[in-house]
Amino acid sequence: MHYKRIVLNSRPVADIEPTTFRTEVLPLEKLKPGPGEVLIQITWLSLDPAMRGYIRDARSYLPPVKIGETMRGMSLGVIVEVGTGSTHSVGEVVTSASGWTEYAVMKDNAVDKVTVPPGVIALDFLNTLGTSGLTAYFGLRDTCDLKPGEKLLVSGAAGSVGSVACQLGKRAGAKVYAIAGSPEKCKWLEQELGVDKALNYKSPTFRDDLRQIGFIDVYFDNVGGDILDMVLTRLNKGARISMCGAISQYNATQPKGLQNYQTLIAMRGKLQGFIVLDYAAEFPVAIEEMGKWLADGSIKRQFHIVEGIEAAPVALPMLFSGGNTGKLVVKVAEHVKTKL
Ligand SMILES: NC(=O)c1ccc[n+]([C@@H]2O[C@H](COP(=O)([O-])OP(=O)(O)OC[C@H]3O[C@@H](n4cnc5c(N)ncnc54)[C@H](OP(=O)(O)O)[C@@H]3O)[C@@H](O)[C@H]2O)c1
């Protein structure tokens, strides 16, 4: 029997290209879990904008993926074999940073058992109860200091992080404004997620539309670039900007600088970055809390599903063209049945 994995083939200079990744087919029998290890069959992969950073040869919060290495990424899977002394069991559903592969051997301590709370599904652990939702949760909590009645603006609002940030903002009693890239996304944000107003940044009236909402107290920024520069001119006194991401610049060979940063001085504003991984010790508490909100329907989510591991390299650029609404995931295999 064989399995497929997708490795980094070459580093793109700008946009991800058809030659950026390549598929390898390898014998499965060579993948044996050693002591304290498990063999996982991967069922779902999470696709994330950060992957563009992982394949760039530059200093960041994680080392770059090497040429020829399995592409890095989080997955959901099922343990199909355990090595001697492993603390896990066959049949367990787990998340791990297995990367883009149909099977992976992982160390026990690099695997998290998923206990699915009532009313949610295992796949939520790659979305609202995974890095995406947790990013919105901790970013809003620790870099925004959002108070009831304040105006919160969220960019990349129809994506996996942004859609949670909008809904948590409403829960916190803020007036929530969203920025997204199509009328359909804006409609979803207003009608399904309950934001007060969604603005289409591709509309010729965007600059005026942004003025119409007045000055803002908190900007949860997923996109950076021109939109961040524009928002810098629309800050209230004491405004906070959470630099969650800057997807508009991830493919750029020379990221754009900001023109309007001096408003931060006049408005006594704060611009702060954060990385969700720093909050790992607090994940269980946040997962429990958000799991309840998912189960009672007060937090909604949407998945954008592509099928088959070889769809991953083709689908990843969708994050940069706006092809996804909600969380982009790859279905690698049906839920695996094991002999328990
Ligand atoms: N700090 C952290 O720890 C952390 C952790 C996870 C994610 N992030 C960041 O959070 C952001 C959102 O990630 P995600 O996983 O939720 O992705 P996502 O929002 O589901 O997908 C990306 C979305 O960004 C929008 N976009 C792409 N290019 C754009 C551009 N040039 N200008 C404006 N919008 C653009 C697209 O929607 P439109 O149709 O609206 O253009 C696209 O659907 C990313 O910047 C990511 O790097 C940060």
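Procedures and definitions
- Residues numbered from 1 in each chain as written.
- Predicted model: local features only at pLDDT ≥ 70, side-chain atom pairs only at ≥ 80, totals over all residues.
- Heavy atoms only, no water.
- Domains from an automatic or database assignment.
- Contact = heavy atoms within 4.5 Å.
- Buried area = accessible area lost by both parts, 1.4 Å probe.
- Polar contact = N/O pair within 3.5 Å; in protein donor to acceptor, adjacent residues only side chain to side chain.
- Helix = DSSP H or I, 4+ residues; strand = E, 2+ residues; numbered from the N terminus.
- Nonpolar A, V, L, I, M, F, W, Y, C, P; charged D, E, K, R; others polar.
- 1 Å grid on protein atoms, 1.4 Å probe; cavity = no way out; pocket = protein on both sides within 12 Å on 5 of 7 lines; lining within 4 Å.
- Points joined across faces, edges and corners; volume = space filled by probe spheres on them.

## Focus: the domain arrangement of the protein
Item 1. Looking at the assigned domains, one finds that the protein contains domain 1 (2-127 + 301-331) and domain 2 (131-277).
Item 2. Contact residues are listed per partner, giving 21 residues for domain 1 and 16 residues for domain 2.
Item 3. Between domain 1 and domain 2 the total buried area reaches about 1,500 Å² when both faces are included, carbon and sulfur atoms providing 53% of it.
Item 4. Per-residue buried area on domain 1 facing domain 2 is highest for Y61, N127 and F320; these three make up 27% of the total on that side.
Item 5. If you look at where domain 1 meets domain 2, you find nine residue pairs in polar contact (both at pLDDT 80 or more).
Item 6. In terms of residues, the side of domain 1 that touches domain 2 owes the most to one element, helix 10 (residues 318-321), which gives three residues.
Item 7. Residue composition of the side of domain 1 that touches domain 2, grouped by class: nine nonpolar, seven polar and five charged.

## Focus on the layout of surface pockets
Item 1. The space that makes up the second largest pocket amounts to roughly 220 Å³.
Item 2. For the lining of the second largest pocket, the secondary structure elements donating two or more residues are helix 2 (131-143) and helix 3 (160-171).
Item 3. For the lining of the second largest pocket, the element with the most residues is helix 2, which contributes three residues.
Item 4. Among the residues forming the lining of the second largest pocket, the class breakdown is six nonpolar, no polar and three charged.

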